[in-house]
Amino acid sequence: MSQRRVLIIGSGNAALCAGIAALEAGASATMLEKADADEAGGNSRYTAGAMRFAYASRAEILRLLQDTSDERLQRTDFGSYPAERFAADLLAFNAGRPLSDLQRRLIEDSYATLLWLTQHNVRFEPIYSRQSFERDGRHVFWGGLTLAARGEGDGLVDAELEEYQRLGGLIRYRANCLKLLHSDGRICGVEFTTPQGIESASCDAVVLACGGFEASRELRGRLMGELWQYAKVRGTPHNTGSGLTMALELGAKLNGQPDACHAVPMDRDMPDYGNMALPFVERKNYRKICYFLGVMLNANGARFVDEGENFRNYTYAQFGRAILEQPGRFAWQIFDAKVTPLLYEEYRFEHASFVEADTLESLVQQLDDVDTAAALKTLYEYNAAVDEQLDFDPSALDGKCTRALSLNKSNWANKLDTPPFRAYPVTCGITFTYAGLEVDASAAVLSEYGDRISGLFACGELVGGIFVAGYPGGSGLTSGAVFGRLAGRSAAQG
Ligand SMILES: Cc1cc2nc3c(=O)[nH]c(=O)nc-3n(C[C@H](O)[C@H](O)[C@H](O)COP(=O)(O)OP(=O)(O)OC[C@H]3O[C@@H](n4cnc5c(N)ncnc54)[C@H](O)[C@@H]3O)c2cc1C
């Protein structure tokens, strides 16, 4: 039997996992990537490399670590993150729906897929800086997110790309795929533009792994609503929805609410798009997600979310939308000196925008575009409502709350009483869209009628129905890896 030829569109984490799996299953693999080599790797390169997976014990974590020489490991409590908790975390964002087959597959294959990645050159490390707090001399992990790829997103993509090429995979840059070719009822190739003109490539199967439509202002406005035109784009400018468009033209089915997305509080002064030309630290440090340690105020000087509703892993992806919906589409995050040492590195970033003052009165005067009198009233009322009987513990849902406000803060409510006070201006940055193609358990793309489009597979951001109304942090890369591996294997096996 002749070797099957698999074409993969995109070159991020999902595409690379599909490529490695296809090669492992005996097919040949060629990747077509729209960006040039410097900008390839998609949103995956922008990530912290954090990956969520179900694990039963410390031993399972240690099995994923190649380097166990870090002396902190002896003083680390990883706890466990059983499949049931992963399921509960996804269910909490499912708008009342039961888990879908795809979601169950994501959970069930998550640990095995990370193990598979370790067998393919990817190295993992505990995320001490953002996912653990020190308690009684021990590092205690919280929130179910424990490991990240060494070197974050860049490290992950570089390791996967090296493995893909070691196994014989090819990659062509500056190949912008525009059209799927089909013959006798099955996909047989792809048409793409290059700097030299239009070209085509033939194949036995195509894996679409070219991201969502978050970077298309036009599609955001049309599919998500006018407001979304104004969101900043956190990642690559290249994910403009062409995979979705190509497949929908062939009768593929859209899965998910078009306006559902991952969107995060970002520095109000960040550039409109993520930009690979920026140093990595700048790309990632525009994010501002420590709102749980303080409060957020809108232009009317009012709070508008429960900043301590849950661990920030479970709220940060929804709070970007909440900010976009505020007047002027911005907010200010306010902290006092008690918590500034706990703020993530992104708050100490040299380009971070913030104002500082020794009193709340002078702080609010510096909040651009805000009703200062109302802001001060909100801060006084907040301070008066903090329950001081309870202890503050950022490593747990500490229940330290405010009482009797119309919008209470449920955890980590400290009085803002220790100068200097700081305020950071934030806006909404869209990370990725949740709606996408409907696929079956083999990652085959389904048509409007529910049958497979022969020879067409999809993975990564482009797959719809995995995230519905929210997102437990670190699930995007895992989803790309789980369904990328499946898609590559299925495409290779026909
Ligand atoms: C700033 C940021 C931080 C994040 N942090 C995390 C994290 O720590 N953990 C986590 O799990 N998730 C994180 N995410 C989400 C994560 O990036 C995505 O879920 C995941 O990377 C998507 O992978 P993918 O392979 O589907 O898409 P991508 O990695 O975006 O790859 C898509 C590729 O397709 C290419 N492409 C697009 N159109 C075409 C076309 N027409 N022809 C050819 N190529 C095309 C693009 O250039 C790109 O290279 C983060 C996202 C961002 C933006």
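Structure report, in brief. (Residues numbered from 1 in each chain as written. Predicted model: local features only at pLDDT ≥ 70, side-chain atom pairs only at ≥ 80, totals over all residues. Heavy atoms only, no water.)

## Notes on the site of the ligand
Threshold: Whether a residue is near a molecule or strand depends on its heavy atoms: it is near if one of them lies within 4 Å of it. Think of a polar contact as two N or O atoms within 3.5 Å of one another; within protein, one of them needs to be a possible hydrogen donor and the other a possible acceptor, and neighboring residues in sequence only count if both atoms come from side chains. Note on areas: Shrake-Rupley, 1.4 Å probe, and residue coverage restricted to the protein chains presented here. Only DSSP runs of H or I covering at least 4 residues are called helices, and only runs of E covering at least 2 are called strands; the numbering of each starts at the N terminus. Any residue that is not Ala, Val, Leu, Ile, Met, Phe, Trp, Tyr, Cys, Pro, Asp, Glu, Lys or Arg is counted as polar, Gly included; the first ten are nonpolar and the last four charged.
The local shell around the ligand holds 38 residues, among which Glu33, Asn43, Ser44, Ser242 and Leu477 are the closest. Asn43 places a polar main-chain atom, nitrogen or oxygen, 2.7 Å from an oxygen atom of the ligand. Tyr471 places a polar side-chain atom, nitrogen or oxygen, 3.4 Å from a nitrogen atom of the ligand. About the coverage of the ligand: the protein hides 96% of its 1,000 Å² of free accessible area. When residues in the shell around the ligand are grouped by element, the largest group, three residues, is from helix H13 (residues 475–493). The residue inventory of the shell around the ligand, partitioned by class, reads 13 nonpolar, 21 polar and four charged.

## Thoughts on helix H12 (residues 372–385)
Put simply, the rule is: In this scheme, a helix's expected span is set at 1.5 Å multiplied by one less than its residue total. Relative accessibility decides the category of a residue: with a 1.4 Å probe and only protein chains considered, values under 20% of the type maximum give buried, values over 50% give exposed, and everything between is partly exposed. Should any heavy atoms of two residues lie within 4.5 Å, those residues are counted as being in contact.
End to end, H12 covers 20 Å across 14 residues, agreeing with the expected 20 Å (1.5 Å per residue, within 8%). Those residues of H12 not exposed but buried are Ala375, Leu376, Thr378, Leu379, Tyr382, Asn383 and Ala385. Those residues of H12 that are buried lie in contact with strand S17 (295–297) and helix H11 (360–365).

## Looking at empty space enclosed by the protein
In plain terms, the rule: The definitions used throughout rest on a 1 Å grid laid over the protein atoms alone, on which a cavity is an enclosed set of points accommodating a 1.4 Å probe that cannot get out and a pocket is an open set flanked by protein within 12 Å on both sides along at least five of seven lines; lining residues are those having an atom within 4 Å of a point. Grid points are joined across faces, edges and corners, and a volume is the space filled by probe spheres set on the points.
Overall, the coordinates contain one cavity of 30 Å³ or more when judged by the stated rule. By volume, the largest cavity is sized at about 40 Å³. Lining the largest cavity are Arg234, Met266, Met270, Pro271, Tyr273, Gly274, Leu278, Glu282, Arg283 and Tyr286. Its residues assigned to classes, the lining of the largest cavity shows six nonpolar, one polar and three charged.

## A short note on the layout of surface pockets
Computed from the structure, the second largest pocket encloses a volume of approximately 280 Å³. As for the second largest pocket, its lining consists of 16 residues, and the residues nearest its centre are Arg97, Ser100, Asn255, Gly465 and Val468. For the lining of the second largest pocket, the leading source of residues is helix H4 (residues 101–118), giving three residues. Partitioning the lining of the second largest pocket into residue classes produces six nonpolar, seven polar and three charged.

## Digging into the sheet that holds strand S5 (residues 124–126)
Selection criterion: Should DSSP find at least two bridges between two strands, the strands are taken to pair.
A sheet is described by the order of its strands in space; here three strands give the open sequence S3-S8-S5, paired in antiparallel fashion. Looking along the sheet, the strands with just one partner apiece sit at the ends: strand S3 (50–51) and S5.

## With respect to the packing of helix H1 (residues 13–24) against H13
For clarity, the cut-off: Axis definition: a line fitted to C-alpha atoms, limited for helices to the stretch in contact. Angles are taken between N-to-C directions and run from 0 to 180 degrees. Crossing chirality is assigned from the near helix's rotation relative to the far helix, an anticlockwise turn below a right angle marking it left-handed and a clockwise turn marking it right-handed.
It is at 7 Å that the axes of H1 and H13 come closest, and there the two elements cross at 35 degrees. Seen from above, H1 lies across H13 with right-handed handedness. Across the interface between the two elements, Asn13, Ala14, Cys17, Ala18, Ala21 and Ala22 of H1 pack against Leu477, Gly480, Ala481, Gly484, Arg485, Gly488, Arg489 and Ala492 of H13. For the contact of H1 with H13, the residue count by class is eight nonpolar, four polar and two charged.

## Observations regarding the pairing of strand S12 (residues 197–202)
In this structure, strand S11 (residues 186–194) lies alongside S12, joined through six bridges in antiparallel fashion. Counterpart to Gly189 in the pairing with S12 is Ser202. Counting the residues between successive antiparallel strands, the hairpin from S11 to S12 contains two residues.

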